[in-house]
Amino acid sequence: MVRSIPFAVALASLSLALGCTDKTEKMKERQKQRDEEKKTFEKQAVDAQKAAAPKVDAAKLDAAWDSADYVKIANGKKCPEGLWALFPSTPGEDAEKAGNEKKKPELAEKMKKATYVAVLHHGLGVTLGKYDKKKKALTVTVEGVLACFDGLGLLTVAFGDGARPKRPPKSQGGDAELSPQAVWDAKALTYQVPFEDPLEAKVFSQGEGLGTDARLVFTLGKTEVDEKLQKVPPNEEAGTKGGTVDWGAGRLVHATLKGVRIASDHEKHLLVESPVSKD
């Protein structure tokens, strides 16, 4: 015998089910509202931060220093696409080249014909030295190399003379272990900024000089690759199988400087200028 469910009980069950559904929908609506309020709050915070940031009145440079045709290279950033084509093919390049091997000669030629520009900043490639009383000038030093990276690792550009791999010294007993990875190094570029008064030079070094930038315009030429292969035994504790590791400095391309411009205050205050050559 099949017993029928009393109408009151069925109605109560239905109401309970509808009530639960209604609560779930309300919870979803409240969560959606909270998410929208959070996004609005975050956007307002970002907008307020941008509004509070000081407005940078950057220098307006002529095309000789800031042409739209120049290829930009930034120290510590991703390399311009195509620089890999300047170097001989090596194992493991397939992922980086992504089927562009047939275009390599054309791409390499394009990279060689291009003019590049890089801007190095105080503390990141640019250093203010001591005041020279005899020369009545403040020395500004620009690092001889910069490095960018791509899918194959670091790629170094050398401006200075005597580029060579710089290998870390072997660690002595009791000293912390040093990484055996080599890096490219080259002679730094030095410039003299005239200052008649030593006090004026000191004030500059501690103030406006902290915003000194070096703008370098150059072309690229000869390339080198430094390898230092070393066999690494397996390490059970570290879970490594061992193999061969390259501790070399990697890829280097020599640059030919066309011009260097040293300036401060967002490049508005010219300090030293070596004009861009027309060659």
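As the structure is a computational prediction, the values presented were derived from the model and not from experiment. (Residues numbered from 1 in each chain as written. Predicted model: local features only at pLDDT ≥ 70, side-chain atom pairs only at ≥ 80, totals over all residues. Heavy atoms only, no water.)

Things to note about the overall build of the protein
Turning to step 1, where the next piece is worked out: Each helix and strand counted, the protein has 5 helices and 14 strands in total.
Turning to step 2, where the next piece is worked out: Among the 279 residues that make up the protein, the fraction classed as buried is 30%.
Turning to step 3, where the next piece is worked out: Considering only contacts in the protein between residues 6 or more positions apart, those separated by 24 or more positions represent 69%.
Turning to step 4, where the next piece is worked out: Carbon and sulfur atoms provide 56% of the accessible area of the protein, an area that totals close to 19,100 Å². (Helix = DSSP H or I, 4+ residues; strand = E, 2+ residues; numbered from the N terminus. Buried < 20%, exposed > 50% of the residue type's maximum accessible area, 1.4 Å probe, protein only. Contact = heavy atoms within 4.5 Å. Areas by Shrake-Rupley, 256 points an atom, 1.4 Å probe, with all protein chains shown as cover.)

Focus: helix α5 (residues 198–206)
Turning to step 1, where the next piece is worked out: Looking at α5, one finds that the buried residues are A201, F204 and S205. Along the long axis of α5, the arc covered by the buried residues comes to 100°, so they all point the same way. Counted as exposed and oriented over 90 degrees from the buried face of α5: L199, V203 and Q206.
Turning to step 2, where the next piece is worked out: Against the buried residues of α5 lie β3 (125–132), β4 (137–142), β13 (250–264) and β14 (269–274).
Turning to step 3, where the next piece is worked out: At the N-terminal end of α5, a side-chain oxygen is found 3.0 Å from the backbone nitrogen of L199, two or three residues along, and the residue is D197. (Arc of directions from axis to C-beta. Polar contact = N/O pair within 3.5 Å; in protein donor to acceptor, adjacent residues only side chain to side chain.)

Focus: the packing of aromatic side chains
Turning to step 1, where the next piece is worked out: Inspection of every chain in the model, using the stated rule, returns 3 aromatic pairs.
Turning to step 2, where the next piece is worked out: Their ring planes at 15° and their centres at 5.8 Å tell us that Y116 and F218 sit as a pair that is stacked. Residue Y116 is found in strand β2 (residues 116–122), and its partner F218 is found in strand β10 (residues 213–226); the two are separated by 102 residues along the sequence.
Turning to step 3, where the next piece is worked out: Judged by centre distance (5.3 Å) and plane angle (40°), the ring pair of F195 and F204 falls under tilted.
Turning to step 4, where the next piece is worked out: Linked through ring pairs, Y116, F159 and F218 together constitute an aromatic cluster.
Turning to step 5, where the next piece is worked out: In this structure, R251 is placed above the aromatic ring of F87, and the distance from its NZ or CZ to the ring centre is 5.7 Å. (Phe/Tyr/Trp six-rings, centres within 6.5 Å; stacked < 30°, edge-to-face > 60°. Lys NZ or Arg CZ within 6 Å of the ring centre and 35° of its normal.)

Side note on the environment of E109
Turning to step 1, where the next piece is worked out: Mapped onto the fold, E109 is located in helix α4 (residues 104–113).
Turning to step 2, where the next piece is worked out: The class for E109 is partly exposed, based on a relative accessible area of 40%.
Turning to step 3, where the next piece is worked out: Placed 24 residues apart in sequence, E109 and A85 show a C-alpha to C-alpha distance of 8.8 Å.

Overview of the side chain of R251
Turning to step 1, where the next piece is worked out: Within the secondary structure layout, R251 lies in strand β13.
Turning to step 2, where the next piece is worked out: On the basis of relative accessible area, R251 is assigned to the buried category, the value being 9%.
Turning to step 3, where the next piece is worked out: At a separation of 3.1 Å, a polar atom in the side chain of R251 contacts the main-chain carbonyl oxygen of G153.
Turning to step 4, where the next piece is worked out: With residues near it in sequence (within four places) discarded, R251 still touches W84, F87, D150, L152, G153, L154, L155, T156, W184, E224 and V225.

Here's the deal with the pattern of salt bridges
Turning to step 1, where the next piece is worked out: Evaluation of the coordinates by the stated rule reveals 7 salt bridges.
Turning to step 2, where the next piece is worked out: Across the salt bridge formed by D150 and R251, the nearest N and O atoms sit 2.8 Å from each other. Separated by 101 residues along the polypeptide, D150 in strand β5 (residues 145–150) and R251 in strand β13 bring together distant segments of the chain. The burial state of D150 is the same as that of R251; both residues are buried.
Turning to step 3, where the next piece is worked out: Between E273 and R261 there is a salt bridge whose closest N-O contact spans 3.8 Å. With E273 in strand β14 and R261 in strand β13, this residue pair connects regions lying 12 residues apart in the sequence.
Turning to step 4, where the next piece is worked out: Among the residues examined, E273 registers a relative accessible area of 38% and is labelled partly exposed. (Salt bridge = Lys/Arg side-chain N within 4 Å of Asp/Glu carboxyl O.)

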